[in-house]
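For reference, the chains in residue letters:
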Amino acid sequence: MRTVDNGAPLRNALPPMHLRSLLCVGLIAACPASAAEPVLPPSHAYETPDAWRQPVPPLRIAEHTWHIGTAELTVLLVKTAAGAALIDGGLPQAAPMLLARMRELGVEPGDLKLVLHSHAHGDHVGPIAEIARATGARVVSNAESAALLARGGSDDIHFGDGILYPPVRVDRLLQDGEAVELDGIRFTAHFTPGHTPGSLSWTWIDTRDGKPVRIAYVDSLTAPGYELAGNPRYPRIVDDYRRSFDIVRALPCDLLLTPHPGASGWNYADAAASRPKPTSCREYADAAARKLEGQIAAQDEPAP
């Protein structure tokens, strides 16, 4: 019989639980059929709608700004003479497609200088780690999102470990209202917490039809199944949402884009009618506010 360091028999040196585990894996004896444990539940991958994974041709939004993502997940490429910036990336498996789309538009991997994002969920930042490795671009975020990015989406306040992606190292942390610049285009960060504590919205000025256009890429303002009253992980979640609604209403916003395009009236799958129902930042915030207040009221209702 095997012994531990002090010479005592292994069978007598272990507590009953550990001894039973060793018996069942065959280190001491075969595990009897009667001692078999129930089979562990199967794992479930993060399932997404097909449209989130459906590539579409690049769509020009403005002179420098292109959508290069999928039918229902926005990924923006902003091209300049000094290089390019990527805003969001979609799902983790999108990295090769995005690199190919960039090349189609004349942006080689080394030309990508900045990677920005909206919020740090796997359907928007999933491929950022791979994109950063392939291009050497600097990832820009804020402190709240950087913590979640570093964990690869694990221990999310609302979803736990349900939406995982390769962890991302952030190169630069911004303050609210701070900007990063690329060849004269200034991307200003606006903290709009709620959907996540680190949610970011971005504004910059491009040109369209020869005229300046103030573009606002505004983060999701939804609360999908969130606990809103007395959430122990996010006690001031409702206050953050309401403050973010006010911020979004006041953004410089000639042209609104959102991580999920349908929220702002875009249809990337139909280039001929890509934006049939233009939405303003104020309308977007007002609609989100009405929906949130309805959710709060429903959660406050006593159970039948």
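Residues numbered from 1 in each chain as written. Predicted model: local features only at pLDDT ≥ 70, side-chain atom pairs only at ≥ 80, totals over all residues. Heavy atoms only, no water.

Caption draft 1: A look at the layout of surface pockets. If you add up the space inside the largest pocket, you get close to 370 Å³. Forming the boundary of the largest pocket are 23 residues, of which H195, S220, L221, T222 and A223 lie nearest the centre. At the level of secondary structure, the elements contributing two or more residues to the lining of the largest pocket comprise α4 (122–125) and α8 (281–300). In terms of residue count, the dominant contributor to the lining of the largest pocket is α8 (six residues). Approximately 180 Å³ is the volume attributed to the second largest pocket. Looking at the second largest pocket, it is lined by 15 residues, and the ones nearest its centre are E144, L148, R151, I157 and P197. The residue makeup of the lining of the second largest pocket, split by class, is five nonpolar, five polar and five charged. (1 Å grid on protein atoms, 1.4 Å probe; cavity = no way out; pocket = protein on both sides within 12 Å on 5 of 7 lines; lining within 4 Å. Points joined across faces, edges and corners; volume = space filled by probe spheres on them. Helix = DSSP H or I, 4+ residues; strand = E, 2+ residues; numbered from the N terminus. Nonpolar A, V, L, I, M, F, W, Y, C, P; charged D, E, K, R; others polar.)

Caption draft 2: Representation of the environment of L73 in the model. Checked against the element boundaries, L73 lands in the loop between β2 (65–67) and β3 (76–80). On the basis of relative accessible area, L73 is assigned to the buried category, the value being 1%. Put simply, L73 and Q54 are 19 residues apart on the chain and 9.1 Å apart in space, counted from C-alpha to C-alpha. Beyond its immediate chain neighbours, meaning those up to four positions away, L73 contacts W52, H67, G90, L91, D123, H124, P259, H260 and P261. (Buried < 20%, exposed > 50% of the residue type's maximum accessible area, 1.4 Å probe, protein only. Contact = heavy atoms within 4.5 Å.)

Caption draft 3: Here's a closer look at the sheet that holds strand β5 (residues 112–116). Taken in spatial order, the seven strands make up an open sheet running β1-β2-β3-β4-β5-β6-β7, and their pairing is mixed. The sheet terminates laterally at β1 (59–60) and β7 (172–173), the two strands that pair on one side only. For β1 and β2, the ladder comprises two bridges, and the chain directions are antiparallel. Bridged to R60 within β2 is W66. Those strands touched by helix α5 (residues 128–135) are β4 (83–87), β5 and β6 (138–141), and its axis lies near 165° from that of β5. (Pairing = 2+ DSSP bridges. Axes fitted to C-alpha atoms, helices over the stretch in contact; angles between N-to-C directions.)

Caption draft 4: Molecular detail of the nonpolar core. Of all hydrophobic cores here, the largest spans 30 residues; its most connected members are I68, L77, L86, L98, M102, L112 and I131. Of all elements in the fold, only β4, α3 (95–104), β5, α5 and α6 (143–150) reach the threshold of two or more residues within this core. Excluding anything up to four places from it in sequence, I131 contacts L86, A95, L98, L99, M102, L112, V115 and G136. Grouped together as the second largest cluster of nonpolar side chains are 28 residues, L59, I87, A189 and L255 included. (Core = buried A, V, L, I, M, F, W, Y, C linked by side-chain atoms within 4.5 Å.)

Caption draft 5: Just the state of the cysteines, in detail. This structure, assessed with the given rule, holds one disulfide. Bridging C253 to C281, the disulfide has an S-S length of 2.1 Å. Between C253 and C281, the S-S torsion sits near 85°, and that sign places the bridge as right-handed. Of this pair, C253 sits in the loop between α7 (237–249) and β12 (255–257) while C281 sits in helix α8, placing them 28 residues apart in sequence. Of the residues examined, C281 reaches a relative accessible area of 2% and is grouped as buried. (Disulfide = S-S within 2.5 Å.)

Caption draft 6: Local environment of the sheet that holds strand β10 (residues 200–208). Taking strand neighbours across the sheet as the criterion, the five strands line up as β8-β9-β10-β11-β12 in an open arrangement whose pairing is mixed. Strand pairing shows two members of the sheet lacking a second neighbour, β8 (179–182) and β12, which therefore form its edges. For this sheet, the mean inter-axis angle between neighbouring strands, taken without regard to orientation, is 25°. Here β8 pairs with strand β9 (residues 185–191) via four bridges, running antiparallel. Within β9, the residue paired with V180 across the bridge is F187.

Caption draft 7: Focus on empty space enclosed by the protein. In the structure shown here, the tally under the stated rule is one cavity of 30 Å³ or more. As a volume, the largest cavity reaches approximately 40 Å³. What lines the largest cavity is simply W52, G69, T70, L73, V75, G89, G90, L91, A94, M97 and L98. Here the residues of the lining of the largest cavity are counted per class, giving seven nonpolar, four polar and no charged.

Caption draft 8: Structural context of the packing of aromatic side chains. Taken as a whole and judged by the stated rule, the model has four aromatic pairs. When the ring of F187 is compared with that of W204, the centres are 5.4 Å apart and the planes differ by 50°; the resulting orientation is tilted. You can see F187 sitting in strand β9 and its partner W204 sitting in strand β10, a full 17 residues away along the chain. Aromatic pair Y241 and F245: ring centres 6.1 Å apart, planes at 40°, arrangement tilted. Taken together, the residues Y241 and F245, both in helix α7 and four residues apart, mark about one turn of the helix. Considered together, Y241 and F245 belong to a single accessibility category, that of buried residues. (Phe/Tyr/Trp six-rings, centres within 6.5 Å; stacked < 30°, edge-to-face > 60°.)

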